[in-house]
Amino acid sequence: MAGHSVVGKSIIRLDALDKVTGKAKYCEDLKLPGMLYGKVLRSPYPHAHITSIDTSRAENISGVRAVITGRDVPEKRYGPSVFDQHTLARRVVRYVGDPVAAVAADSVEVAERALGLLKVEYEKLPAIFDIEEAWEKNPPVIVHRDLPKYELGKFPPLRLVPDRPNVCHLRMLRHGDVERGFKEADLIVENKFTTTRIQHCPFEPHGSIAQAESDGSLTIWAGRQSIFLARQYLCKLFDLLPSQVRVIASHYIGGGFGSKVTLYTEPIGVMLSMKTGRPVKLTFSREEMFSSGGTRIPFVIRIRDGVKKDGTLVARDMEMLLGMGAYAGSGPLITRNCIYGAVATYRIPNAKIDAYAVYTNEPPVTSFRGFGSSQVLWAIESQMDVIAEELGLDAVELRRKNLLEEGDTNITGEIVHSIGIRECLDKVAESLEGSPKSKMEGGPWRRGKGLALGNKYSMAPTAAVAIVKVKGDGTIEVHESADEIGQGCHTVLAQIAAEEFGVSVDEVKMVWGDTAFTPYFSRGSTSQRTTFNVGNAIRLACQDAKRQIFEIAAEKVHAQIQDMDIKDGAIYVRSDPSQRISVTELFTSERALSPGEFGDYVEPSAEILGKGVWVTRPAPSDPETAQIPENVARMGGRLAGFFGYGVQGVEVLVNIETGEVKVEKVVAASDVGYPLNPKMCEQQIEGGVAMGIGSALWEEVALDKGKVVNPNFGNYKIVTSINMPKIENVKVFLVSAPHKEGPYGAKGTGETQMTPTAPAVANAIYNAVGVRIKDLPITRERVFRVLREKAGG
Amino acid sequence: MGPFEYFEPETVEITLSLLRKYSDTAKVCAGGTDLVVRMRKRALNPQFLICIAGIRELDYLGFEDERGLRIGCLTTIRTIERSPELKERYPMLSEVATRFGSIAIRNVATIGGNLCNALPSADMAPMLIALSAKAKLVSIDGERIVPLQDFFTGPGKTVLRADELLVEVQVPTPPPHTSGVYQKYTTRGGEELAVVGVAAVVTRGSRNESCTDVRIVLGTVVPAPMRAEKAEAILKGKIVDDEIVEKASDIAADESRPRDSIRGSADYRREMVRVLTRDALRQAFERTQSAR
Ligand SMILES: Cc1cc2nc3c(=O)[nH]c(=O)nc-3n(C[C@H](O)[C@H](O)[C@H](O)COP(=O)(O)OP(=O)(O)OC[C@H]3O[C@@H](n4cnc5c(N)ncnc54)[C@H](O)[C@@H]3O)c2cc1C
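Owing to the predicted nature of the structure, the values given are computational and were not obtained by experimental measurement.

Q: Would you mind going over the domain arrangement of chain A with me for this structure?
A: Accessible area lost when the parts come together is the quantity often used to give the size of an interface. Residues and elements named next belong to chain A. Entries for chain A in the domain assignment read domain 1 (27-127 + 203-255 + 260-292), domain 2 (299-406 + 416-459 + 623-790) and domain 3 (462-616). The centre of domain 1, based on its C-alpha atoms, is set 40 Å off from the matching centre of domain 3. On the side of domain 3, 20 residues touch domain 1, which itself brings 18 residues to the contact. Across the domain 1/domain 3 interface, buried area totals approximately 1500 Å², and carbon plus sulfur atoms make up 62% of it.

Written out as structure tokens, the structure reads:
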């Protein structure tokens, strides 16, 4: 966009130097005087009664300061939506890894030794693992017998299904009349797709330091996403007021990808600190990350589509079961939101979706980059290729024919705004065209290409507040509460403040989040909301600060406020730029130092503090149908903050003898609204592609009767640099469909980027060897077996 | 990790007397890339840890014409990969090393540790067995030489006694017109343990195309690295063509004993033995055409 000097530029990330030199501080680097180390004993059984716990031997080791069990924790249950979880299991354990007891000791080693001396006796109960079986009307095992009596949170409002006792939420969408739609269809295609559990695998495992203060308040240093959400959850659990809980961001956070929204370490740390009076650090091991640190939610999806001969979609019916594991966590919210993945891309006159949140005795899931959209799109985008094949149409043309456009109405009744997906599709399709036509590659290798469309909303409601402080030396200090989890949000947010003040980012200072000092940001850096919401709040805060500066300056240079502007640290009159005064000149010291010296006091308000508040409100929608009332939609009422879009095309080689799949080339286009920092947008795309390839081909938290059997990087296979296509074969296009409310038109972009990858890979595999894999991950053995079946062997 | 007492002996002699003294309550640590992982998982809890990494005299590659190659137990996989002389004389061994872990692991992982740890997936074992290598084991009482073929007795098990140290691996000079190929199959590709490993070493007659000697050694899909002797037998003395290679590969697959594991089902792994053995044999024969 013309006229911008800082935003829209690929400036170097503010954290680059700290990170490459190892100076960046993470939670693990923090050490407080007198700090103890906590460790957690976990259930070895997927479902059992605890009959006794003997802590005496553990308590007697020197260096052990506290041992706590279910008897010591609040009777009250907690959770983000269903209050179904105790800090430590009180009577029943419901998954392998359920916390049973915890120890605080002088060192991690002593704490671990103490765990080994705790004696717990269990009485095993029957357990349930299969999502479909658990969803049934008369399931053999009910995971939470007391579910109907549990307290339920208000967001999202939950709908229990009385005759399905393992379901804690049913989300429904009804648009048009699907049965009529299927009658009009020339072809009906029905398939079942599944996705598996994958872990976020952040560099830094979950960790926090908890300090129970003597006045009953809590201070928490946490390497997490969303300090305010943590405060809210902890207040609820420990019956405290917001002013009594202070959550401090432990500076940098070593990656989250959604996993760090949940409370994992904090409640147990608090209990240990309450008992010892000392700060307690609790950090997960990598094994705990896999067994108890949350995974992506596995889906079972039945999708039935009705289409006309020419490819026009006339009906779509989806039934989705989401396997939450033993505690609901963010499961119900994912169940609510996942349907948006089916909303954002295609024009469908008649649609019906039912999504169920289902308990099992597997480890609990949590939010994961995509928040349900990736799984829904795995089904939809695979299905679109199946339909194209059955109709004898080109898969790209089929998609083009059904794409939503600006101003269209989607299946929630929302009027579509800021949709750049057609341009993304054009770019990717054109770029894939150029690749070799031949499928034979020498020996057992076959070549194929495929693409898929992706989208991801940004959740509303969201409230973000920013405070901008203009310092006597001209520095712009920005206070906000986004989480710097590696996505580089501080850089982009600093760019926005710099742009508003016409300075370089070097003049901007970002402040680390701390609920006692930095202003409110409702759910933190989740749901790709930071740039859009905090970015807007910062713009408003800057404008507020500038207004104050202009008021003060107007008197000094005798000009009208509306004629003034600011650039490079000086306020000037637009019509006569020679009339100017520098920001530093507005300040004096209280002791009135000689002019020119940096002061720290400004008349009349002492300090220049700009405040900006940005709230994204969702339109109300009918709980039975998910429809937005027509009059609300016409007034611009929206489902979410915005939708980001992306299209990815891949070229693969498939070995017909072994089933091996190599991703040779990736073309990715994404509509980011406006790229505030193009390089960082590209990096989000590249990272999303890498994570997407891993999730497509290898990643699976493997469970045997509820127990994770691959809780390490030896057997849980994440993507490595060796598995990525060569960098010159990864092509990225940024597309801009500006959002009228986005800062400079920008939308968030972190999550969108993983949503199309897995189906694109599956479509390319089909193109190469003619087999359709409907279950993730597409392991070599799976490809091999399906190829064998196809060959009739 | 549990508590342990730690020693850094400076000589082999001191090491051997410590081993005699503490026997199976002690563990030798070389690179530690297997040992430390297992100790952290508490799969192993030695009371005494004897770190031999400082005994530099155990880190060498020696070439002698009649006795062949001698590799000190502390030689790292990275050294084996990079030695120009090894690349020239035993290219099949340097090639195995390139497929081993990541560079970071190869920099510390030792050949002695790889063999003594005795995982069925140990990458160095199949090729060394195929090359008729022997291990020199020493204790306070003296030394013994054991063919590697007889060294492994099961997963994690060897003939090594608790008071013995493996000090050297000896590899005879391969006859002329001999080539070897190692095929390693993994579930992802790159920096992983093998799901199937097959080493094939082939010797061709000096004037004809027939195969005068062949060794096929399977790794991972057997409790301990094992020669596929029936497959070898049908190749020996034959003119080698696609048909006979396919047949030998089928037999090798039958000889393998894979188990269902998280890394792959038994059936699938057996199928992969077939493909890998075929490819290893084909490539090895091809290479004999240019081998010295
Ligand atoms: C990330 C990672 C990747 C890996 N990738 C591979 C791979 O691709 N292929 C592969 O084969 N392995 C792999 N390994 C396993 C391991 O690196 C190798 O087996 C390595 O060669 C072990 O050598 P070390 O020196 O580290 O042994 P250590 O861990 O020090 O010792 C291993 C065992 O051998 C014993 N021991 C060591 N030396 C002697 C000796 N001289 N005499 C008697 N006993 C001895 C020790 O007591 C111990 O029981 C990997 C390991 C890791 C952590």
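Q: I keep staring at the side chain of Arg-227 of chain B and nothing clicks. Help me out?
A: Here Arg-227 of chain B is to be found in strand β14 (residues 226-227). Apart from residues lying up to four places away in sequence, Arg-227 of chain B is in contact with Ile-129, Gln-149, Arg-215, Ile-216, Val-217, Glu-232 and Glu-255 of chain B.

Q: Would you take a moment to explain the sheet that holds strand β16 (residues 445-457) of chain A for this structure?
A: Hydrogen bonds along the backbone pair up the strands of a sheet, which may run parallel or antiparallel. Residues and elements named next belong to chain A. The strand order across the open sheet formed by four strands is β16-β26-β27-β30, and the pairing between neighbours is mixed. Edge positions in the sheet fall to β16 and β30 (730-735), since each has one partner strand and no second. Between one strand axis and the next, the sheet turns through 15 degrees on average, direction left out of account. Note: strand β26 (residues 643-655) against strand β27 (residues 661-671), ten bridges, orientation antiparallel. Bridged to Tyr-645 within β27 is Asp-671. With respect to the sheet, helix α17 (residues 757-769) is in contact with β16, β26 and β27, its orientation differing from that of β16 by roughly 155 degrees.

Q: Can you help me understand the site of the ligand in this one?
A: Residue and element names in this part refer to chain B. By nearness alone, 30 residues border the ligand, and Val-28, Gly-31, Thr-33, Asp-34 and Thr-110 come closest of all. Computed on the free molecule, the ligand has an accessible area of 980 Å², of which 89% lies beneath the protein chains in the complex. Secondary-structure elements contributing two or more residues to the shell around the ligand are β2 (26-29), α7 (111-117) and β10 (165-171). Top element by residues in the shell around the ligand is α7. It accounts for five residues. Of the residues belonging to the shell around the ligand, the class tally is 15 nonpolar, ten polar and five charged.

Reading the values: rules and limits
Residues numbered from 1 in each chain as written. Chains lettered and ligands numbered in written order. Predicted model: local features only at pLDDT ≥ 70, side-chain atom pairs only at ≥ 80, totals over all residues. Heavy atoms only, no water. Domains from an automatic or database assignment. Contact = heavy atoms within 4.5 Å. Buried area = accessible area lost by both parts, 1.4 Å probe. Helix = DSSP H or I, 4+ residues; strand = E, 2+ residues; numbered from the N terminus. Pairing = 2+ DSSP bridges. Axes fitted to C-alpha atoms, helices over the stretch in contact; angles between N-to-C directions. Near = heavy atom within 4 Å. Areas by Shrake-Rupley, 256 points an atom, 1.4 Å probe, with all protein chains shown as cover. Nonpolar A, V, L, I, M, F, W, Y, C, P; charged D, E, K, R; others polar.

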